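Chain and residue survey
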2 protein chains.
Amino acid sequence: MSEDSKGKFAYSGITKLFHEKARLSILTSLSTSPKGIDFNTLKELCSLTDGNLSRHLQILQKEGLIDIEKSFINNKPKTTCFLTELGRAGFLAYIEELEKIVSEVSKLR
Amino acid sequence: MSEDSKGKFAYSGITKLFHEKARLSILTSLSTSPKGIDFNTLKELCSLTDGNLSRHLQILQKEGLIDIEKSFINNKPKTTCFLTELGRAGFLAYIEELEKIVSEVSKLR
């Protein structure tokens, strides 16, 4: 094996923070909506339960990848989630790594 | 939210069997080599330890996604791994799901 091939398919940019399936769904959803997405809509888009969505949002918020804004609309509480600049940059870098995999495999079709 | 948007970003085709990072590396490597890849080369390509590679190969073999062939070359044991037809078809279906994510996010750049 040539030195160049060492780690060729190791994909060090595939970090668990972004790669975990529920978080991948959440981040993809949020990346498509710069104005943010409310909790209930996000839950439906990602087919997640309340508990599961809450847990992953907390992890993403703690890492500074998303912001969570709480407000009241007609006296009803509303939770809106946004991707931060850090979140957007990190997620795009992760997506570039996924693209490498897709293009590697797509060559073979 | 429209009915069409429910589960829009749920990505049910992202199954853990293929999505786990080490297995994603192994399957991408094997998909590029129809003649198979020997254990030591695969270890280097994926930057995995002996133990980690063995464990993931066992899981993939048990699921019928890869074949493992043992032989002797100049009295030295050699282990070669191949993607099965089932493995190739399943992995391509998984890659198609990844492509959806990549294209969804790439629209925004």
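This text follows the structure it describes.
Our next topic: the overall build of chain A. The helix and strand inventory of chain A stands at 5 helices and 3 strands. Start at the N end of chain A and walk to the C end: the helices and strands fall as α-α-β-α-α-β-β-α. Taken against the 2.2 N^0.38 rule, which gives 13 Å for 109 residues, the C-alpha radius of gyration of chain A at 17 Å runs more than 25% over that of a compact globule. Overall size of chain A, expressed as C-alpha extent along the three principal axes, is 65 × 30 × 25 Å. Residues classed as buried in chain A amount to 40% of the 109 residues present. Long-range contacts, defined here as pairs at least 24 residues apart, represent 54% of the contacts in chain A between residues at least 6 apart. When the accessible area of chain A is evaluated, it comes to approximately 6000 Å², of which 49% is carbon and sulfur surface.

Further remarks concern the interface of chain B and chain A. The interface of chain B with chain A comprises 37 residues on the first partner and 37 residues on the second. Carbon and sulfur atoms make up 69% of the area that chain B and chain A hide from each other, which totals about 3300 Å². Scanning the region where chain B abuts chain A turns up 2 salt bridges. Across the pair Lys6 of chain A and Glu44 of chain B runs a salt bridge whose closest N-O atoms are separated by 3.8 Å. In this assembly, chain B and chain A are joined by 13 residue pairs in polar contact (both at pLDDT 80 or more).

Rotating chain B by 180° about the axis while translating it 0.0 Å along that axis superimposes it on chain A, leaving an RMSD of 0.0 Å. The relationship between the two copies is best expressed as a two-fold rotation axis. Here 100% of the interface residues in chain B have copies in chain A that are interface residues too; the copies meet face to matching face.

Analysis parameters
- Residues numbered from 1 in each chain as written.
- Chains lettered and ligands numbered in written order.
- Predicted model: local features only at pLDDT ≥ 70, side-chain atom pairs only at ≥ 80, totals over all residues.
- Heavy atoms only, no water.
- Helix = DSSP H or I, 4+ residues; strand = E, 2+ residues; numbered from the N terminus.
- Rg over C-alpha atoms; globule rule 2.2 N^0.38 Å.
- Buried < 20%, exposed > 50% of the residue type's maximum accessible area, 1.4 Å probe, protein only.
- Contact = heavy atoms within 4.5 Å.
- Areas by Shrake-Rupley, 256 points an atom, 1.4 Å probe, with all protein chains shown as cover.
- Buried area = accessible area lost by both parts, 1.4 Å probe.
- Salt bridge = Lys/Arg side-chain N within 4 Å of Asp/Glu carboxyl O.
- Polar contact = N/O pair within 3.5 Å; in protein donor to acceptor, adjacent residues only side chain to side chain.
- Least-squares fit on C-alpha atoms with pLDDT ≥ 70 in both.

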